[in-house]
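Read off the chains here:
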Amino acid sequence: MIVEWGHFALVVAFVLALAQSVLPLWGAARNRTDWMAVAVPAAWGQGLFLALAYGVLTYAFVVHDFSVLYVAQNSNSTLPLIYRITGVWGGHEGSILLWALILSGWTVAVAAGARSLPTVYAARVIGVMGLISVGFLAFTLLTSNPFERVFPVPADGADLNPLLQDPGMVIHPPMLYMGYVGFSVAFALAVAALLGGRLDATWARWSRPWTTAAWMFLTVGIALGSHWAYYELGWGGWWFWDPVENASFMPWLTGTALIHSLAVTEKRDGFKAWSVLLALTTFSLSLLGTFLVRSGVLTSVHAFATDPGRGLFILSFLTLVVGGSLVLYAWRAPRVRATIRFAPLSRESLLLANNVLLMVAAAAVLLGTLYPLAVDALGLGKLSVGPPYFNTVFVPLMLPLVVLMGLGPLVAWRQGKAADLTRLAGRVGLPALIVAAACLAMLGLGWQRYVLGVSLWLACWTLGLSGYGIAQRLGRRGYALQAWRQLPRGFYGMHLAHAGIALFMIGAGVVSTLEAERVVRLAPGETTELAGYSFRLDSVYPVTGPNYTADEALIVVSRQGRELARLRPQKRLYTVRQQMMTQTAFDAGMTRDLFAALGDRLPDGAWSVRVHYKPMVRWIWLGTALMALGGLLAVTDRRYRLGAARARIGASTPVQTA
């Protein structure tokens, strides 16, 4: 009976989403405050009923209610409790319900802060988010109902996909969805501003922390997904340019551009139309990622559904959202005229160049992701676009971007000075070059390792400029603790995020240049050497888990006769699905990872073993953690809390018409 309550809660949430969207938007158009007043309670109500529906589905997983088709397809009586809870989003229907729940959570957060906004604008923002909820709830009820029953009731379930039975999947999907869906706030704020015909600094001030928060969650989600792929899939890579990886990376790139563009809109009242277009594009790419994952057009370890009907629904919804927002933009944007002027050498110019490079990079990734699909759809054959294309096109775009990223905060608004650049090149650029050369010399490498050399120089350049910028800012106040406290959190957040990119570049440059791997045949007692480390296969023995059996190897790692680690990789057989999985083992450190994966047993009784040496690979995820922490500091900046309390978009200057 409780399952029927879940379906009922979904229907009520859909009705409330309709009320949240139609009545406030119509009321804003007719200046009916009573209709606009429906927005906030409808948003809260929708959130409560979606939480109820999600709770019911979770309960069905926990108690093994296999009369629910979705539970029967994605759970089993032997599945550990933690994976029964996370199994709620382990398949298509539950992940769409999680998407809708997170969207309602963002809507409730906006509604809670809507008191600082004019009534009409707040009603439009919540109404637009309601329209998005209507689309996803209709998709859930019509094509992806997680409460559909099955008869006769199976005695047991088909088990959760073994790839998803991993601690990393406990947090990775929610973080990724928080980022994806969070950009709907920036989208709604932009559409509401276009509907009202007003785009100004106060709109940008209110949009910026919401955009940064979504970017922060997406950064964490992508990093967790990268780390999961690194140790779970058994091949030791941290990024493969998989189409579904690209689907999350594209909105991250455009979201990064949006954050920087909003800075110009807020500070100088410029880039207004461009910022709106970026907001529309970023959420549109989030929806595109949803289409790619759930339409069946992609084959990927990350992809969920293969139902063309679902893909057609999402494609129609994507067309409606993107097409409608672009039509509105084409109608309103020409009426918004930026009156600011700036010199070719200015902070505005550098941020504009930053935006152009990020958008070109996003377009390159989009082309490489969709081109094979277009070729296949036109019947021109099968085509694969892999890492060689992306590395050749993407990496050169990032090099000037990183150079400009460090310079941007140190160049004045409106009119910079060439002498400042000369001074920075001497004080930071040359020392960074010397440090990079010294690092290569210590590693015994020449400048022929240009990838690593450029990575180290850019990292030193970025860290040096960030340190210079902080010292320059503190120099006006002195270096006492009170002076450090007086600097805004957003300032620290910016430099921390830039430092995170520098650490990421060090890790990516070192591991891509110096990593080593070997696939060898080992019998118990035999040893193989790699990068100065000895890997000895001591024994292989059977182990049993809650829903799998496995062969587990004991591999002892030593260097110069001193034991460093004991690795226990497994070759698992998940008994319900009869699916083999490789469970890797690694000894992690800030300077290197030692990584082992157990392959198949050979006819002579030996085993195939893959071993990896991954120098400084952890710096990749340390860098992304610093980026996310920088985003958190920026979101909690006191300027935005005070600015939100004073924001009154309705009182802003009317738009100038061309």
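Residues numbered from 1 in each chain as written. Predicted model: local features only at pLDDT ≥ 70, side-chain atom pairs only at ≥ 80, totals over all residues. Heavy atoms only, no water.

**Student:** Looking at this structure, I do not really get a nonpolar patch on the surface. What am I missing?
**Tutor:** On the surface, Ile-2, Trp-5, Phe-8, Tyr-59 and Val-63 cluster together to form a nonpolar patch covering roughly 490 Å² of accessible area. Tallying contributions element by element places helix H1 (residues 2-30) first for the nonpolar patch, with three residues. Checked against the element boundaries, Val-63 lands in the loop between helix H3 (39-62) and helix H4 (69-74). (Patch = residues over 30% accessible without salt bridge, like charges linked within 9 Å, V, L, I, M, F, W, Y side chains within 5 Å. Areas by Shrake-Rupley, 256 points an atom, 1.4 Å probe, with all protein chains shown as cover. Salt bridge = Lys/Arg side-chain N within 4 Å of Asp/Glu carboxyl O. Helix = DSSP H or I, 4+ residues; strand = E, 2+ residues; numbered from the N terminus.)

**Student:** Could you clarify how one ought to interpret the pairing of strand S9 (residues 592-601) in this entry?
**Tutor:** Consecutive residues of a regular strand have side chains that alternate between opposite faces of the sheet. Within S9, eight of the ten residues are buried, leaving the element largely enclosed by the surrounding structure. With three bridges joining them, strand S8 (residues 585-587) and S9 adopt antiparallel strand pairing. Note that in S9 the partner of Phe-586 across the bridge is Phe-595. Joining the antiparallel neighbours S8 and S9 is a turn of four residues. (Buried < 20%, exposed > 50% of the residue type's maximum accessible area, 1.4 Å probe, protein only. Pairing = 2+ DSSP bridges.)

**Student:** Just to check I follow, could you spell out the environment of Val-576 for this structure?
**Tutor:** Of note, Val-576 is situated in the loop between strand S6 (570-574) and strand S7 (579-583). For the pair Val-576 and Leu-160, spaced 416 residues apart in sequence, the C-alpha separation works out to 9.4 Å. The residues touching Val-576, leaving out its near neighbours within four places in the chain, are Asn-76, Gly-157, Ala-158 and Asp-159. (Contact = heavy atoms within 4.5 Å.)

**Student:** Teacher, can you tell me more about the sheet that holds S8 here?
**Tutor:** Whenever strands of a sheet pair, they do so through backbone hydrogen bonds, lying parallel or antiparallel. Reading across the sheet, the four strands line up as S1-S10-S9-S8 and stay open at both edges, with antiparallel pairing between neighbours. Among the strands making up the open sheet, the edge pair consists of strand S1 (516-522) and S8. On average, adjacent strands in this sheet sit at an angle of 20° to one another, irrespective of strand direction. Of the strand pairs in this sheet, S1 and strand S10 (residues 607-615) are connected by seven bridges, and their pairing is antiparallel. Bridging from a neighbouring strand, Val-519 pairs with Arg-610 of S10. The sheet strands contacting helix H18 (residues 489-514) are S1 and S10, and the helix crosses S10 at an angle near 140°. (Axes fitted to C-alpha atoms, helices over the stretch in contact; angles between N-to-C directions.)

**Student:** Looking at this structure, how should I read unusual backbone geometry?
**Tutor:** For residues besides glycine, phi is generally negative; the peptide bonds are generally trans as well. For the bond running from Phe-151 to Pro-152, omega is 0°, close enough to zero to count as cis. Assignment of secondary structure puts Pro-152 in the loop between helix H7 (119-143) and helix H8 (168-196). Backbone geometry places Trp-241, a non-glycine residue, at a positive phi of 55°. In this fold, Trp-241 is placed in the loop between helix H9 (201-232) and helix H10 (243-268).

**Student:** Help me understand the pattern of salt bridges in this model?
**Tutor:** For side chains of opposite charge, pairing can occur when their charged atoms come near one another. One pass over the full model with this rule turns up 15 salt bridges. Here Asp-34 and Arg-32 are joined by a salt bridge, their closest N and O atoms 2.9 Å apart. In this structure Arg-32 comes out as partly exposed when scored by relative accessible area, which is 34%. As a salt-bridge pair, Arg-566 and Glu-563 come within 2.9 Å of each other at their nearest N and O atoms. Under the relative-accessibility criterion, Glu-563 is labelled partly exposed at 42%. Linked by salt bridges that have partners in common, Arg-205, Arg-208 and Glu-266 make up one network.

**Student:** Whenever I open this one, the nonpolar core confuses me. Can you help?
**Tutor:** Nonpolar side chains in soluble globular proteins generally cluster together in the buried interior. Trp-106, Trp-203 and Leu-253 are the most contacted members of the largest nonpolar core, which has 126 residues in total. Take this core: its biggest share by element is 16 residues, from H8. Judged by nonpolar contacts, the second largest core, of 20 residues, contains Ala-223, Tyr-231, Met-581 and Val-617. (Core = buried A, V, L, I, M, F, W, Y, C linked by side-chain atoms within 4.5 Å.)

**Student:** Sorry if this is basic, but what is going on with the pairing of strand S4 (residues 548-559) here?
**Tutor:** Within S4, nine of the twelve residues are buried, which leaves the element mostly enclosed by the surrounding structure. The pairing of strand S3 (residues 533-544) with S4 spans ten bridges and is classified as antiparallel. Each residue of the ladder has a partner; that of Pro-542, found in S4, is Asp-551. The pairing of S4 with S6 spans five bridges and is antiparallel. Its bridge partner being in S6, Ala-550 is matched across the sheet by Arg-572. The sheet contact formed by S4 and strand S5 (residues 562-567) spans five bridges and is antiparallel. In the sheet register, Ile-555 faces S5, and the bridge partner there is Leu-567. Connecting the antiparallel pair S4 and S5 is a turn made up of two residues, with Gln-560 showing a positive phi of about 55°.

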